[in-house]
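Structure assessment
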Amino acid sequence: MTRRYTICSLIASASLFVLLADAAVYVSRRSHAPMSVAAAVYWTDTNANRVAMYYFETLDATGVVDSSANGYSGYITGAVATAIGPRTIDGSAETAYSFIGDDWIAVAQAGITNVNIPWTLAATVNPASFTNFAFAVNLGNSAEANTICGFSVAQVNSSNRFRLFMRNTAGTDSMVITSTASYATNEWHHLAATYDGATNYTFYIDGTQDVVRSDGDIGATTLNVTGIGALRRSTLMQFWNGKIDDVREYLECLSSNAVWDMATQTTHPAGSTESR
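Owing to the predicted nature of the structure, the values given are computational and were not obtained by experimental measurement.

A word on the overall build of the protein chain
Of the regular secondary structure elements, the protein chain holds 2 helices and 18 strands. Relative to its full complement of 276 residues, the protein chain shows a buried share of 46%. Long-range contacts, defined as pairs at least 24 residues apart, comprise 66% of the intrachain contacts of the protein chain with a sequence gap of at least 6. For the protein chain, the computed accessible surface area is about 12500 Å², with 55% contributed by carbon and sulfur atoms.

In structure tokens, the structure reads:
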């Protein structure tokens, strides 16, 4: 028997296929299942509230380039641009910075200048060590030694943990959020922290919500400098040992979906151990 297909039936079949495909993508995203590299599209950050963004792919006469509209370039001291192979998404060249000893990158401004309004801080990190409470990224105040807002590593009961550490300008209030799991050295992980401007701080590891704290603001906090690879305030200390890539600051509390997209559609799969 000869089968006859009408235009309407073909359109209906195609529409059903598209609906099923969309449903599969939705389920994958909401369950935080690993994304297929072949199906992924490299995430393009067009957020108007980004206030500092360091891809580390481009240098200018002074050092690393801020890809936001603010132009907060970073000055390199010792840190070495390191080729880490092609991007997992589009195959183009990828560069991170390696830090050892007292290497760091200084930015004379901070994109986030007040931690009591909505904000997001994010970075992709690869620690060679979890000792000495070393900082991957810190926003501080060049005039005093109290103010801290940044990501560090720590050993807690002999477990390797990531931390969000904050302290106000007066030194009267601080907050530490520690990752719930332990992590290995020499692996890439994406860290992100958000604050909704009222109550909730959320710490994400590899795009997945790890800890939520409902503490409200920590008091007046004035940030005016950024340290990448060190704890920077009026003094410089607690240097990072390992690699750092893709540092971003936003004056917005990004949604969990936006953090997930940023973590999973950028350059390093969680836990990857690419040889350098």
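Describing the sheet that holds strand 9 (residues 148–156)
If you trace the 8 strands from one edge of the open sheet to the other, you get 2-3-6-15-8-9-10-11, paired in antiparallel fashion. A single partner strand is all that each edge strand has here, and the edge strands are strand 2 (63–64) and strand 11 (174–178). Bridge analysis of strand 10 (residues 159–167) against strand 11 gives 5 bridges, and the strand direction is antiparallel. By the bridge assignment, methionine 166 is partnered in strand 11 with methionine 175.

Some points on the side chain of asparagine 160
Of note, asparagine 160 is situated in strand 10. Under the relative-accessibility criterion, asparagine 160 is labelled buried at 15%. The contact partners of asparagine 160, leaving out residues within four places of it in the chain, are Phe130, Ala154, Gln155, Ala181, Ser182, Tyr183 and Thr185.

Describing unusual backbone geometry
Phi angles above zero are rare outside glycine, and phenylalanine 133 is one such case at about 50 degrees. With respect to the helices and strands, the residue phenylalanine 133 is situated in the loop between strand 7 (119–127) and strand 8 (135–140). For phenylalanine 133, a relative accessible area of 42% corresponds to the partly exposed category. The backbone phi angle of aspartate 206 is positive, close to 55 degrees, even though this residue is not glycine. Considering the arrangement of structural elements, one finds aspartate 206 in the loop between strand 13 (200–205) and strand 14 (208–214).

Overview of the pairing of strand 9
A large share of strand 9 lies buried, amounting to 7 of its 9 residues. Bridge count for strand 8 against strand 9 is 4 bridges, and the pairing is antiparallel. Pairing of asparagine 138 across the sheet is with glycine 150, part of strand 9. Both strand 9 and strand 10 contribute to a ladder of 9 bridges, which runs antiparallel. Residue pairing across strands places phenylalanine 151 opposite leucine 164, the latter belonging to strand 10. Hairpin connection between strand 9 and strand 10: a loop of 2 residues separates the two successive antiparallel strands, and asparagine 157 in this loop has a positive phi of roughly 50 degrees.

What to know about the nonpolar core
If you look at the biggest cluster of nonpolar residues, it comprises 43 residues, and the most contacted ones within it are Phe56, Trp119, Phe162 and Met166. By residue number, the principal contributor to this core is strand 7, which donates 4 residues. Within the second largest apolar cluster, 8 residues are counted, among which are Ala192, Tyr204, Val259 and Met262.

Describing the packing of aromatic side chains
For any pair of aromatic rings, geometry is given as the distance between the ring centres together with the angle between the planes. Scanning the model with the defined rule gives 6 aromatic pairs in all. Seen from their ring centres, tyrosine 195 and tyrosine 201 are 4.2 Å apart, and the 15 degrees between their planes marks the pair as stacked. The pair formed by tyrosine 195 and tyrosine 201 is uniform in burial state, with each residue classed as buried. A connected cluster of aromatic rings, assembled from ring pairs, spans Tyr54, Phe56 and Tyr97.

Considering the pairing of strand 14
As defined by bridge partners, strand 13 adjoins strand 14 across 6 bridges and the pair is classed as antiparallel. Bridging from a neighbouring strand, asparagine 200 pairs with serine 214 of strand 14. Taking the residues between adjacent antiparallel strands as the criterion, strand 13 and strand 14 are bridged by 2 residues, where aspartate 206 takes a positive phi near 55 degrees.

Parameters at a glance
Each chain carries its own residue numbering, running from 1 in the written order of its sequence. Reporting of local features is limited, given that this is a predicted model, to residues whose pLDDT is at least 70; pairs of side-chain atoms are given and counted only at 80 or more, and all residues count toward the totals for whole chains, interfaces and linings. Working from all heavy atoms in the structure, the side-chain values ignore hydrogens and water. Secondary structure elements follow DSSP: runs of H or I no shorter than four residues count as helices, runs of E no shorter than two count as strands, and numbering proceeds from the N terminus. Relative accessibility thresholds used throughout: buried, under 20% of the residue-type maximum; exposed, over 50%; partly exposed, between the two (1.4 Å probe, protein chains only). Residue contacts are counted whenever heavy atoms from the two residues lie within 4.5 Å of one another. Note on areas: Shrake-Rupley with a 1.4 Å probe; residue coverage comes only from the protein chains shown. Two strands are counted as paired when DSSP detects at least two bridges linking them. Nine residue types can take part in a nonpolar core, namely buried Ala, Val, Leu, Ile, Met, Phe, Trp, Tyr and Cys, and a core is a set of them joined through side-chain atoms within 4.5 Å. Note on ring pairs: Phe, Tyr and Trp rings are taken, using the six-membered ring of Trp, and paired if centres are within 6.5 Å. Classes follow the plane angle, with under 30 degrees stacked, over 60 edge-to-face and the rest tilted.

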